[in-house]
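Structural overview for review
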Amino acid sequence: MPERSYLDWNATAPLREAARRAFDAALSLSGNPSSVHAEGRAARRFVENAREEVASLVGARPSDVFFTSSGTEANMLALTPAIESAAEKAPLKRLLLSAVEHASVRSGGRFPRDAIEDIPVDGEGRVDLGALAESVARSARPLVSLMQANNETGVIQPVAEAAAIVHAGGGLLHVDAVQAVGRIACDMRALGADLLTLSAHKIGGPKGVGALVRATEDIHIADPLIRGGGQERGLRAGTENVAGIAAFGAAAAVARREREAESAHTLALRGKLENGIAAISPGAVIFGAAAERLPNTTLFAVEGMKAETAVIAFDLAGVAVSSGAACSSGKVQPSHVLAAMGVSPALVRGAVRVSLGFGTTEADVEMFLGAWRKLATALSKERRGIAA
Ligand code: PLP
């Protein structure tokens, strides 16, 4: 058995070796990518090579990739009324969000509160396309933000269908692809995304680097979050995080090459994991199980379980899992995703997320199942004790 079993890949993935090498190589550079001398040009090459890799990961042109400090910053940058095109310069008036978006999208970016509208999801966590169509029809040229796959459940959204609705209504679509990229096909054009958010650390790059990608050069964000020296073609000032960006590019290249093999690998292990959970606790609920999901994610609960207790018990047994989204961990908050899916508060409180990745092994899954068997037995004894 391994010493620890890390099964929290949706929170962050371990750094890929290729990313570490690129990071180290870039750290040794002395130049600033904006400088014209040879040292500067060497640093620039690292940034531009990474831009090409990130672009090809999502089927975009390098000139449409803008590096940021995180997926969160890319989401904040995208969610603004000030998105212009050659034909349209007037500010966007409404922001439509699915009820299961990540907290950084749910914050609404730079839209005023009263301009933001929630689009409901069904019991599996898929956006209600009928409700989306109605809201789009009511809002002249809205910005719609819909994630490609959910960080808690792994449920995949019908993004291309949503894009058709949004575009027919004259709106723009932003897609948060942070959890999807590297796990399922993520092509800007096939998705119909006008803007797309990525984060390096979910694909084996370093934490603290992200990107906002636009579909065409006709999309222009007129109010950058950070102004200054004009880096990232004026959209994100500040000397580039050259090492982080280079490592992001290296991780993107491997993620693109290995996606299908890695996804098949995690899907097989996830099957074992879910069969194991069902065999140990037949009453366990796997959220979003009837929908298309990422191949690596399982969010489950049993009646009477408290997620925070379970996560601590797993940790003591050497298994790292989480109680839903990583951002709020430390303080466990009830999941807005499960609440939006209509899950009972009792089950919501018990939801534990297990997420796998390219480095996960059978032994990791066995270690998890061993810990779960003990925990589930203790839980059912406790419940019998209460019933007696
Ligand atoms: N969007 C989704 C769906 C996420 O899961 C996360 C991170 O958990 C983010 C955005 C934020 O990315 P970052 O951690 O790079 O800020």
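Residues numbered from 1 in each chain as written. Predicted model: local features only at pLDDT ≥ 70, side-chain atom pairs only at ≥ 80, totals over all residues. Heavy atoms only, no water.

**A few points about the sheet that holds strand 14 (residues 352-355)**
Within the open sheet, the three strands sit side by side as 11-12-14. Their pairing is antiparallel. Strands with a single pairing partner mark the edges of an open sheet, and in this sheet they are strand 11 (285-286) and strand 14. Two strands pair when backbone bridges link them, and strand 11 and strand 12 (residues 297-301) are joined in this way by two bridges, in the antiparallel orientation. Paired with I286 across the bridge in strand 12 is F300. Against the sheet, helix 8 (residues 242-280) contacts strand 11, strand 12 and strand 14, and its axis sits at roughly 10° relative to strand 12. (Pairing = 2+ DSSP bridges. Helix = DSSP H or I, 4+ residues; strand = E, 2+ residues; numbered from the N terminus. Contact = heavy atoms within 4.5 Å. Axes fitted to C-alpha atoms, helices over the stretch in contact; angles between N-to-C directions.)

**Some points on the pattern of salt bridges**
All chains considered together, the criterion is met by 23 salt bridges. The salt bridge involving R256 is made with E53; its shortest N-O contact spans 3.8 Å. Taken as a pair, R256 in helix 8 and E53 in helix 2 (residues 38-57) lie far apart in primary sequence, 203 residues in all. Under the relative-accessibility criterion, R256 is labelled partly exposed at 43%. Each of R44, E48, R51, E232, R233 and E240 takes part in salt bridges that share partners, so that together they form one network. (Salt bridge = Lys/Arg side-chain N within 4 Å of Asp/Glu carboxyl O. Buried < 20%, exposed > 50% of the residue type's maximum accessible area, 1.4 Å probe, protein only.)

**Quick look at helix 8**
Its 39 residues give helix 8 an end-to-end C-alpha distance of only 48 Å, which falls more than 12% under 57 Å, the value for a rise of 1.5 Å per residue. Of all bends in helix 8, the biggest is about 65°, found at E258. (Expected span 1.5 Å × (residues − 1). Bend = angle between axes of the 7 residues up to and from the residue.)

**Digging into the pairing of strand 8 (residues 195-199)**
Two faces belong to every sheet, and in a regular strand the side chains alternate between them. Extensive coverage of strand 8 is indicated by the burial of five of its five residues. The two faces of strand 8 match: L195, T197 and S199 on one face and L196 and L198 on the other face are all buried. The sheet contact formed by strand 8 and strand 9 (residues 210-214) spans five bridges and is antiparallel. Directly across from S199, in strand 9, lies its bridge partner G210.

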